[in-house]
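Chains, contacts and geometry: an overview
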Amino acid sequence: KRQVSTTLRTGSCEARCEANACVESLRLGDVRCNETLWELPLTADGMRQVTIIDPAPDRVTWHLSPLEPFAGRDSLRAGDVLCPTYFTGPLDTACNAIGTEAGLVDIAVLTAPIPIPQEIAAQVELWVYADLPTSDGLSTPLDGLELEVISTTQGPFVAWSTRVSPIVVGQWTPVLVDMSLWGGKSVQLRLSFKTLDGRDNDHRGIAIGALRVRTACAADRTATDRSECEVAYRTPVRGVSD
């Protein structure tokens, strides 16, 4: 019998019924459930809690915008401050791109240090709007947004990316990222918007409707009951390995 236990997950493996019959489940209680550890207020004053990293001197940058409102208020948008595009080249008075070539985009938002508890499961809660060019016309953008986690003992770790995770193009999409890997540490979150090149960037871009770190609840993940002799299954949790 092998025990697997982390802040987020517990399980046991027994060969009583079937070889490699392992059952794992999330261990999320109600103690300090849904407690906000840190949140970015999307206001002019709240934006002082983050650092904008933008090496290019153009109008495409992170800024508060009413273009893609979330919950009746402005969102944090990566794009042109005047036009609904992230094309960095010249635009006419109607915000149409003049030409097809422009510079690539590489801009980021970096939070202040956030302490992550060790004894309680925590996660990042992020709401993302994306209008990006895709290679298949579906949900795999070539340009993309990455959520990186940075700690004092570990360099930037890409915890989530639009390039590898399904998104709904043109709609608000919720994202949850497990933070158990950084339990007991202080971390910074960096949202990086990067383009493959300067072509086909005449799209609305990226917007963030909410960004907070909170303690997890049992209701965040549910699963159907399975008998002890059913075929083994896994519950993948990002940042946790067996």
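One structure accompanies this document, and this report is about it. (Residues numbered from 1 in each chain as written. Predicted model: local features only at pLDDT ≥ 70, side-chain atom pairs only at ≥ 80, totals over all residues. Heavy atoms only, no water.)

1. Topic: the overall build of the protein chain
Within the protein chain, the regular secondary structure consists of zero helices and 15 strands. When each of the 242 residues of the protein chain is scored for burial, the buried share is 45%. Restricting to contacts in the protein chain with at least 6 residues of sequence separation, those with at least 24 account for 69%. Summed over its atoms, the accessible surface of the protein chain is roughly 12,300 Å², and 53% of this surface lies on carbon and sulfur atoms. (Helix = DSSP H or I, 4+ residues; strand = E, 2+ residues; numbered from the N terminus. Buried < 20%, exposed > 50% of the residue type's maximum accessible area, 1.4 Å probe, protein only. Contact = heavy atoms within 4.5 Å. Areas by Shrake-Rupley, 256 points an atom, 1.4 Å probe, with all protein chains shown as cover.)

2. Brief notes about the side chain of Asp 131
Relative to the helices and strands, Asp 131 is located in strand β10 (residues 122-131). Although Asp 131 lies buried, it forms no salt bridge, and the closest oppositely charged side chain, Arg 204, sits 4.9 Å away as judged by the N-O distance. Looking at Asp 131, its side chain comes within polar contact range of the main-chain nitrogen of Arg 204, at 3.2 Å. In contact with Asp 131, not counting residues within four places along its chain, are Tyr 86, Val 169, His 203, Arg 204 and Gly 205. (Lys, Arg positive; Asp, Glu negative; His and termini not counted. Salt bridge = Lys/Arg side-chain N within 4 Å of Asp/Glu carboxyl O. Polar contact = N/O pair within 3.5 Å; in protein donor to acceptor, adjacent residues only side chain to side chain.)

3. What to know about the side chain of Ser 192
Mapping Ser 192 onto the fold places it in strand β14 (residues 186-194). Exposure remark for Ser 192: the relative accessible area of 3% places this residue in the buried category. At 2.8 Å, the side chain of Ser 192 and the side chain of Glu 148 are in polar contact. Residue contacts for Ser 192: discarding those within four places in its chain leaves Ile 107, Ala 108, Gly 144, Leu 145, Glu 146 and Glu 148.

4. Quick look at the packing of aromatic side chains
Inspection of the entire model under this criterion finds five aromatic pairs. For the pair Phe 70 and Trp 127, a centre-to-centre distance of 5.5 Å together with 45° between the ring planes defines the contact as tilted. You can see Phe 70 sitting in strand β6 (residues 60-70) and its partner Trp 127 sitting in strand β10, a full 57 residues away along the chain. Each residue in the set Phe 70, Trp 127, Tyr 129 and Trp 172 is aromatic and connected to the rest through ring pairs, giving one cluster. (Phe/Tyr/Trp six-rings, centres within 6.5 Å; stacked < 30°, edge-to-face > 60°.)

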